[in-house]
Amino acid sequence: MSTPRPPAVGAPMARLEGRAKVTGTAPYAYEYPTAEPLYLHPVLSTVARGRITAVHTTEAELLKGVHAVLTSENAPRLADTQDLELAVLQSEEVSFRGQIVAAVAAQTPETAREAAALVDVDYEEQFHDAVLRPDHQDLYTPDEAGTGAPADTHQGDLDAALARAVAVVDQTYRTPREHNNPMEPHCTVAFWETLPDRLTLYDSTQGTHTVRAAMATVFGLPPENVRVVAPHVGGGFGAKGAAKAHNVLAGLAARALPGRTVKLALTRRQMFSLTGYRPPTVQRIRLGADSGGRLGALAHDSTELTSRTKEYAEMSGLCSRVMYAAPARATSHRLTALDVPIPFWMRAPGEAPGMFALETAMDELAQACGIDPVELRVRNEPETEPETGRPWSGRHLVECLREGAERFGWPGRDPSPGPHRDGQWLAGTGVASAVYPRLTNPGSVAEIEYGADGRYTVSIGAADIGTGAWTVLTQISAEALDCPVDRVRLRIGDSDLPKATVAGGSSGTSSWGTAVHAAARAFREEHGDEPEPGARTRAAAPENPDLERYAMYSFGAHFAEVRVHADTGEVRVPRMLGVYSVGRVINPRTARSQLVGGMVMGLSMALHEHGVVDPRFGHVVNGDLAGYHVAANADVDRVEAHWLEETDPHLNPMGAAGVGEIGIVGMPAAIANAAHHATGVRVRELPLTPDRFLR
């Protein structure tokens with residue numbers, strides 16, 4: 001009798017590309033081998049708003065090794081300039097400080113950078129406004145067409161419910177501008193062919209097909225004449241989820257220099273204005289509860305900024321529409337368009353800042369009611385999705401809270417807020433909930449081919465941004481084909497492969513895995529269990545009617561231990577623990593890595609991250625990793641990530657949801673709540689810098 005084959009899905013399989021990465025042989029975009037490339041370095045605006053009156057390029061052009069200096073006067077014209085972010089070097093208008101106003105192509109990166117410093121730009125400077133104010137006179141309501149959700153919602157009589165409440169919280173919470181800073185900077189290698197025109201980009205991107213579509217539009221090319229290749233990506237956190245200005249700049253330079261490959265890698269400082277960031281938020285939370293802590297009213301009003309160049313709404317109040325039961329509830333979002341770079345996705349956009357506000361307010365409500373913070377959340381568990389009444393595809397927040405409390409040692413905790421002294425340190429513990437949508441984006445396609453070597457080649461244009469897609473898609477393929485893992489050969493990271501949706505919103509594994517399952521099913525139906533070499537089948541992910549029938553969200557519970565130095569206000573976090581409900585876990589090893597990474601990023605958000613804007617000049621003054629602090633090894637001590645054993649039968653054939661973002665969502669609030677428990681000082685603004693505790 002043959003031994004049953006262990007299941008591929010659920011096994012803690014090591015990363016297939018791990019050895020290549022640690023030995024330095026995994027090719028990243030900038031490392032694409034090419035003979036005699038030219039190196040491109042952009043020149044960025046030094047004013048926040050205005051108009052270019054002259055660009056002095058003579059000194060740069062005379063520098064040995066310089067091949068071209070591109071400006072708005074001589075750059076090739078784009079076919080489509082409706083997306084102003086991508087309308088690079090197409091006009092003299094300057095909309096924010098750090099905008100691309102020129103670029104130098106040279107034989108070496110050092111020469112290009114030196115020449116760029118020699119380019120002198122004259123401006124007709126105009127008045128600018130770069131600071132978010134909640135009372136700004138130009139606040140407006142974002143359009144649902146751009147956000148995917150209505151800006152405002154309202155149920156019940158909120159004012160009456162607040163008036164009846166025994167305990168009321170009415171506070172304002174603030175989060176600052178935050179920047180993604182993936183380890184691999186944004187970079188592109190571009191080559192333009194003629195007769196016919198064809199553009200090839202080796203790009204650090206979260207979506208090869210997404211960038212291809214954008215480049216085809218702006219350059220007026222058929223999509224099949226644009227190829228985007230991204231075999232390995234060194235992190236993105238959302239910032240690489242769409243085409244950016246530097247992609248267009250590289251394409252323009254390649255078109256202006258036919259026959260030459262152009263390489264562009266943004267510096268860390270350039271990324272602070274060109275690749276997106278999490279915008280600052282000002283959020284007012286109003287909670288009203290009865291004597292037992294049950295919510296009668298919940299209101300979440302968020303004010304955010306966007307750029308005059310292109311609208312982006314963080315939508316930080318969406319989380320309050322699904323988290324807790326309250327018969328009277330309202331949410332609203334307002335934007336003000338300022339002279340700032342264009343904000344964009346950053347890990348768990350909306351939920352990360354929104355849950356800091358909501359979960360800090362819930363901690364304040366627990367204190368006002370004299371109820372344990374875990375118990376308060378349990379008492380406000382909704383039976384169905386509060387706004388729609390749809391049943392949950394799998395809501396297990398209470399289980400996460402109960403298991404997390406037990407693992408963390410929460411029972412018996414002294415509930416009184418500080419000071420809890422341990423020598424020179426004040427010690428406390430805190431909790432917060434987490435939520436993130438279980439997304440599956442439509443449109444992915446997979447192809448399977450059987451080879452003469454007895455292996456199945458599975459092709460899909462997905463991108464592995466360090467999350468483990470190479471490995472988990474191989475596991476999903478093996479399970480779907482009912483074959484050993486070593487008989488699967490995966491091809492991803494190329495827009496010439498079948499279409500794949502972007503690696504964003506924790507949707508990649510769910511979306512791509514669904515397409516792989518569909519292709520495997522179609523392959524077996526067409527070719528059977530003993531296919532002939534060369535047998536091939538392609539299939540798209542089918543529509544899932546349950547996406548409209550069920551409310552699909554992942555949930556989690558964060559616990560943190562915090563120590564605040566009594567004399568200096570220094571904040572340390574010796575222990576973090578999270579328990580998550582994320583459906584079936586495809587690979588425990590990579591899932592734990594993603595959850596721990598999110599928790600550490602939440603720690604970084606809580607303690608350090610703050611893009612400080614100088615209102616006089618409209619730029620981030622700490623725009624590098626020397627001034628913009630992120631969590632380092634010394635900040636991270638004991639981190640535990642656990643999950644419930646479950647599956648979501650309504651989401652996809654694997655029963656699995658994404659894990660990339662749920663880990664960050666509640667951690668800043670858990671840390672802030674623990675700091676309050678330790679000190680008695682309630683901080684409602686991130687980051688939790690020492691000065692906030694020295695009162």
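Calculation criteria
- Residues numbered from 1 in each chain as written.
- Predicted model: local features only at pLDDT ≥ 70, side-chain atom pairs only at ≥ 80, totals over all residues.
- Heavy atoms only, no water.
- Helix = DSSP H or I, 4+ residues; strand = E, 2+ residues; numbered from the N terminus.
- Rg over C-alpha atoms; globule rule 2.2 N^0.38 Å.
- Buried < 20%, exposed > 50% of the residue type's maximum accessible area, 1.4 Å probe, protein only.
- Contact = heavy atoms within 4.5 Å.
- Lys, Arg positive; Asp, Glu negative; His and termini not counted.
- Salt bridge = Lys/Arg side-chain N within 4 Å of Asp/Glu carboxyl O.
- Polar contact = N/O pair within 3.5 Å; in protein donor to acceptor, adjacent residues only side chain to side chain.
- 1 Å grid on protein atoms, 1.4 Å probe; cavity = no way out; pocket = protein on both sides within 12 Å on 5 of 7 lines; lining within 4 Å.
- Points joined across faces, edges and corners; volume = space filled by probe spheres on them.
- Nonpolar A, V, L, I, M, F, W, Y, C, P; charged D, E, K, R; others polar.
- Axes fitted to C-alpha atoms, helices over the stretch in contact; angles between N-to-C directions.
- Left-handed = near helix turned anticlockwise from the far one by under 90°.
- Core = buried A, V, L, I, M, F, W, Y, C linked by side-chain atoms within 4.5 Å.
- Phe/Tyr/Trp six-rings, centres within 6.5 Å; stacked < 30°, edge-to-face > 60°.
- Pairing = 2+ DSSP bridges.

A count of helical and extended segments in the protein chain gives 17 helices and 26 strands. In terms of overall dimensions, the protein chain is globule-like: its C-alpha atoms have a radius of gyration of 26 Å, near the 26 Å expected for 695 residues. Principal-axis analysis of the C-alpha atoms gives the protein chain an extent of 80 × 75 × 50 Å. The buried share among the 695 residues of the protein chain stands at 60%. Look at the contacts in the protein chain between residues 6 or more apart in sequence, and 81% of them connect residues 24 or more apart.

Moving on, we come to the side chain of Arg321. With respect to the helices, strands and loops of the structure, Arg321 is situated in the loop between strand S14 (295–307) and strand S15 (328–338). In this structure, Arg321 is buried with no salt-bridge partner, the nearest side chain bearing the opposite charge being Glu387 at 4.4 Å. Of note is the side chain of Arg321, whose polar atom sits 3.1 Å from the backbone oxygen of Ala151. In terms of polar contacts, Arg321 uses its side chain to reach the side chain of Thr331, at 2.8 Å. Those residues in contact with Arg321 that sit more than four places away from it in its chain are Ala149, Pro150, Ala151, Asp152, Thr153, Arg329, Thr331, His333, Pro386 and Glu387.

Below, the discussion takes up the layout of surface pockets. Volume-wise, the second largest pocket comes out at about 490 Å³. As for the second largest pocket, its lining consists of 21 residues, and the residues nearest its centre are Leu44, Ser45, Gly98, Arg269 and Gln270. Classifying every residue of the lining of the second largest pocket by side-chain character gives 8 nonpolar, 9 polar and 4 charged.

Before going further, it helps to spend a moment on the pattern of salt bridges. Under the criterion given, the structure shown has 44 salt bridges. One network of salt bridges, with partners in common, ties together Asp83, Glu85, Lys244 and Lys310.

Turning next to the packing of helix H9 (residues 351–369) against helix H17 (residues 667–679). Two elements in contact, H9 and H17, have axes separated by 8 Å at closest approach and are oriented at 35°. Seen from above, H9 lies across H17 with right-handed handedness. Two secondary-structure elements touch here, H9 through Met355, Phe356, Glu359, Thr360, Asp363 and Gln367 and H17 through Pro668, Ala669, Ala672, Asn673 and His676. Split by residue class, the contact of H9 with H17 holds 5 nonpolar, 4 polar and 2 charged.

Let's shift gears to the nonpolar core. Leu287, Leu295, Leu365, Phe559 and Ile671 are the most contacted members of the largest nonpolar core, which totals 84 residues. It is H9 that provides the largest number of residues to this core, a total of 10 residues. If sequence neighbours within four positions are ignored, Leu365 has contacts with Ala167, Val169, Leu287, Ala289, Leu295 and Leu376. Leu40, Leu78, Leu221 and Ala250 belong to the second-largest nonpolar core, a separate cluster that totals 39 residues.

With that out of the way, let us pick up the packing of aromatic side chains. Summed over all chains, the structure comprises 13 aromatic pairs. With centroids separated by 6.5 Å and ring planes inclined at 55°, the aromatic side chains of Tyr30 and Tyr39 adopt a geometry described as tilted. Tyr30 sits in the partly exposed class, given a relative accessible area of 27%. Taken together, a centroid distance of 3.7 Å and an interplanar angle of 15° make the contact between Tyr32 and Tyr202 stacked. Placement of Tyr32 in the loop between helix H1 (18–22) and strand S1 (38–44) and of Tyr202 in strand S10 (residues 198–203) is noted, with a sequence separation of 170 residues between them. Tyr32 gets classed as partly exposed once you look at its relative accessible area, which sits at 28%. According to the relative accessible area criterion, Tyr202 is buried, its value standing at 17%.

Generally, phi is negative for residues other than glycine and the peptide bonds are trans, each holding for most cases. For the bond from Leu195 to Pro196, the omega torsion is 0°, close enough to zero to count as cis. Secondary-structure assignment places Pro196 in the loop between strand S9 (187–193) and S10. Along the chain, Leu686 connects to Pro687 via a cis peptide bond; the corresponding omega equals -5°. Take Pro687: it is sitting in the segment after H17. Positive phi, close to 55°, is recorded for Leu195, a residue that is not glycine.

Taken in spatial order, the 5 strands line up as S7-S15-S14-S13-S8 in an open sheet, and their pairing is mixed. Among the strands making up the open sheet, the edge pair consists of strand S7 (153–155) and strand S8 (167–175). Recorded for the sheet is a direction-independent mean angle of 10° between the axes of neighbouring strands. Two elements, S8 and strand S13 (residues 281–289), share 9 bridges in a ladder whose sense is antiparallel. Bridge pairing in S13 links Gln171 to Ile285.

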